[in-house]
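Here is how the chains run, residue by residue.
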Amino acid sequence: MDHFELRNGVLHAEDIPLPQIAEEIGTPVYVYSRATLERHAQVFADALKDIPKKHIAFAIKCNPNLGVLRVLARQGYGADVVSGGELERALAAGMAAEDIVFSGVGKTRAELALGLDRGIGQFNIEHEPEGVALSEIAVGKETTARAVLRVNPDVDAGTHAKISTGKAENKFGVGIDAAPAIFDRLSALPGLTMRGVALHIGSQLTSLDPLEAAFERVGRLVADLRAAGHSITHVDLGGGLGVPYRPDDNPPTPAEYGAMVARVTKDWDVTLMFEPGRVIAGNTGVLLTEVLWVKPGAANPFVIVDAAMNDLARPALYDAYHDFVAVRPTGEKMTASIVGPVCETGDTFARDRVIDKVEAGDLAVFRTAGAYGATMASTYNSRSLVPEVLVDGGRYITVADRIAAGTIMAAERVPDWIE
Ligand code: LLP
């Protein structure tokens with residue numbers, strides 16, 4: 001459920017009519033609903049009610065906007081971060097250092113040191129040399145890092161290949177068979193408290209089966225590690241729960257996910273950690289755009305909108321589907337391809353899709369754009385960096401400014417030795 005609804009024939013974000021935002025801020029612009037964000041955060045937390053010890057770290061890569069993070073911090077969420085930049089953002093948004101988990105396959109020594117300096121709660125180590133480096137840096141700082149070992153359970157998540165992370169051929173984690181020996185060696189190092197294991201098998205999962213298979217493998221690993229004398233107090237189950245992008249999509253609900261987790265992990269006696277991203281933020285945002293032109297095409301017309309692949313990259317990158325609806329729908333439909341102004345055929349949001357009938361000057365939105373939307377935007381084609389707005393009931397504020405092409409250009413220089 002979200003708070004983007006038609007009222008008197010006009011699409012609103014909570015109590016704000018979207019044409020008002022288009023008028024005052026311009027398009028394209030991302031619009032987030034605070035009530036939707038809070039509801040999703042609450043629904044996910046409620047789904048874990050049967051799990052006695054838990055910690056939820058929002059995967060901030062999917063929406064690192066400070067305003068969004070502040071809302072989640074107030075809901076008691078911590079952060080899963082994958083860079084020094086994300087780490088600083090989580091802290092700036094008011095998340096407590098001990099509630100921050102540092103994931104990522106290519107952390108630099110400087111980033112590991114930053115995590116120690118800031119006193120974060122947990123490092124998710126992706127391979128043995130990273131653990132050795134963390135130990136050395138921690139000893140140098142006379143401190144101790146709390147860490148878990150990320151394992152690769154070798155299961156097929158059944159999602160798009162570019163966002164699958166838990167197959168043996170993927171770059172993430174250590175092979176689950178190699179994990180016990182690596183865990184033994186890392187546990188013996190100074191400056192490191194190895195307290196458990198982590199996994200994350202992929203994103204936009206539409207079945208619980210691969211997750212359950214992976215969790216069962218990790219459960220056996222936990223038993224093996226304990227049998228070898230290790231104290232295992234934490235298991236990080238990652239994120240990955242999918243959201244409905246198409247009107248008839250039916251991914252597992254957070255409640256179904258929570259029930260499966262509670263069943264599979266009931267004897268583990270650990271603090272379970274979760275890193276949800278998309279399921280929290282996906283349906284809390286839309287990308288508001290204006291139709292520039294409707295141009296005849298060979299079969300169907302092209303609806304050319306002022307948003308492009310630089311603003312919402314998912315369709316171009318993963319052939320992702322984002323629902324497209326008119327802000328003032330007439331009830332009439334048309335079959336069209338929806339494209340942006342960028343000079344690539346890949347700048348296509350939909351091919352030959354039945355959509356609300358629109359004309360030049362009309363407003364429309366791409367739905368389910370709150371996760372992996374603005375955060376993946378670029379300025380390709382010297383376009384502006386897309387702004388973001390947060391709505392709260394009858395008020396809204398720009399939580400990220402549009403960064404004009406001229407501002408980007410001002411950070412460049414022409415060497416005088418070219419002359
Ligand atoms: N934890 C780790 C270690 C991750 O790598 C990810 C996502 C998450 C948690 C959160 O996963 P979620 O709950 O959002 O599925 N740009 C792609 C998605 C990339 C996901 C990367 N990792 C997209 O637009 O579909």
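These figures come from a predicted structure and were not determined experimentally. (Residues numbered from 1 in each chain as written. Predicted model: local features only at pLDDT ≥ 70, side-chain atom pairs only at ≥ 80, totals over all residues. Heavy atoms only, no water.)

A. How the structure looks around the site of the ligand. In the vicinity of the ligand there are 18 residues, among which Ser-203, Glu-275, Arg-314, Tyr-318 and Tyr-372 approach most closely. A distance of 3.4 Å is found between an oxygen atom of the ligand and a side-chain nitrogen or oxygen belonging to Lys-61. The separation between a nitrogen atom of the ligand and a polar side-chain atom of Asp-80 is 3.4 Å. Within the complex, 91% of the 590 Å² of free accessible area of the ligand lies under protein. One can see that the ligand is located within the largest pocket. Across the shell around the ligand, the residue classes break down as 6 nonpolar, 6 polar and 6 charged. Each of domain 1 (4-32 + 282-409) and domain 2 (34-280) contributes no fewer than three residues to the shell around the ligand. (Near = heavy atom within 4 Å. Polar contact = N/O pair within 3.5 Å; in protein donor to acceptor, adjacent residues only side chain to side chain. Areas by Shrake-Rupley, 256 points an atom, 1.4 Å probe, with all protein chains shown as cover. 1 Å grid on protein atoms, 1.4 Å probe; cavity = no way out; pocket = protein on both sides within 12 Å on 5 of 7 lines; lining within 4 Å. Sits in = over half its atoms within 2 Å of the grid points. Nonpolar A, V, L, I, M, F, W, Y, C, P; charged D, E, K, R; others polar. Domains from an automatic or database assignment.)

B. The arrangement of the layout of surface pockets in detail. One number sums up the size of the largest pocket: a volume of about 620 Å³. Along the wall of the largest pocket there are 33 residues; nearest its centre are Lys-61, Thr-165, Phe-172, His-200 and Tyr-372. Here the lining of the largest pocket is composed, by residue class, of 11 nonpolar, 12 polar and 10 charged. Approximately 470 Å³ is the volume attributed to the second largest pocket. In this structure, the second largest pocket is lined by 24 residues; those nearest its centre are Met-1, His-40, Val-243, Pro-244 and Asn-283. Elements with a minimum of two residues in the lining of the second largest pocket: α2 (34-47) and α10 (278-281). It is α2 that contributes the most residues to the lining of the second largest pocket, 4 residues altogether. The residue inventory of the lining of the second largest pocket, partitioned by class, reads 12 nonpolar, 6 polar and 6 charged. For the lining of the second largest pocket, the two domains that each supply at least three residues are domain 1 (4-32 + 282-409) and domain 2 (34-280). (Points joined across faces, edges and corners; volume = space filled by probe spheres on them. Helix = DSSP H or I, 4+ residues; strand = E, 2+ residues; numbered from the N terminus.)

C. Main features of the environment of Lys-141. Within the secondary structure layout, Lys-141 lies in the loop between α6 (128-140) and β9 (145-152). Through-space distance from the C-alpha of Lys-141 to that of Gly-191 is 9.0 Å; in sequence the pair is 50 residues apart. With residues up to four places along the chain from it excluded, the contact list for Lys-141 reads Ala-113, Leu-116 and Asp-117. (Contact = heavy atoms within 4.5 Å.)

D. Geometry of the packing of aromatic side chains. Counted by the stated rule, this structure contains 7 aromatic pairs. Residues Phe-324 and Phe-366 carry aromatic rings whose centres are separated by 5.1 Å and whose planes lie at 55° to one another, so their mutual orientation is tilted. Of the two residues, Phe-324 is situated in strand β16 (residues 324-326) and Phe-366 in strand β19 (residues 363-366); the sequence distance between them amounts to 42 residues. Phe-324 sits in the buried class, given a relative accessible area of 3%. (Phe/Tyr/Trp six-rings, centres within 6.5 Å; stacked < 30°, edge-to-face > 60°. Buried < 20%, exposed > 50% of the residue type's maximum accessible area, 1.4 Å probe, protein only.)

E. View of empty space enclosed by the protein. The final tally for this structure, using the stated rule, is 1 cavity of 30 Å³ or more. Of the voids in this model, the largest cavity is the one considered here, and its volume is about 50 Å³. What lines the largest cavity is Phe-44, Gly-238, Gly-239, Gly-240, Leu-241, Tyr-257, Phe-274, Glu-275, Pro-276, Gly-277, Arg-278 and Val-279.

F. Inspection of the pairing of strand β21 (residues 395-400) at higher detail. Bridge analysis of strand β20 (residues 388-392) against β21 gives 5 bridges, and the strand direction is antiparallel. Across the sheet, residue Val-389 finds its bridge partner in β21, namely Thr-398. (Pairing = 2+ DSSP bridges.)

G. Spotlight on the nonpolar core. Counting residues in each nonpolar core, the largest one holds 103 residues, and the members touching the most others are Phe-44, Phe-215, Val-235, Leu-237 and Tyr-257. Taken domain by domain, the makeup of this core includes at least three residues from each of domain 1 (4-32 + 282-409) and domain 2 (34-280). If you look at the next biggest cluster of nonpolar residues, it comprises 19 residues, including Leu-288, Val-327, Val-365 and Val-391. (Core = buried A, V, L, I, M, F, W, Y, C linked by side-chain atoms within 4.5 Å.)

H. Structural view of the confidence of the model for the protein chain. Overall, the predicted model of the protein chain reaches an average pLDDT of 97, with 100% of residues at or above 70. Per-residue pLDDT, averaged within each element of the protein chain, yields its smallest value for strand β10 (residues 174-175) (94) and its largest for strand β4 (residues 29-33) (99). (pLDDT = per-residue confidence, 0-100.)

I. View of the packing of helix α5 (residues 109-118) against α6. Orientation of α5 relative to α6, taken along the N-to-C sense of each, is 50°, at an axis distance of 10 Å. Looking at the two axes, α5 sits oblique to α6. Helix-helix and strand crossings are classified by hand; for α5 and α6 the assignment is right-handed. Seen from α5, the contacting residues are Arg-109, Leu-112, Ala-113 and Leu-116; seen from α6, they are Glu-130, Ala-133, Leu-134, Glu-136, Ile-137 and Ala-138. In the contact of α5 with α6, the residues fall into 7 nonpolar, no polar and 3 charged. (Axes fitted to C-alpha atoms, helices over the stretch in contact; angles between N-to-C directions. Parallel < 35°, antiparallel > 145°, perpendicular 65-115°, else oblique. Left-handed = near helix turned anticlockwise from the far one by under 90°.)

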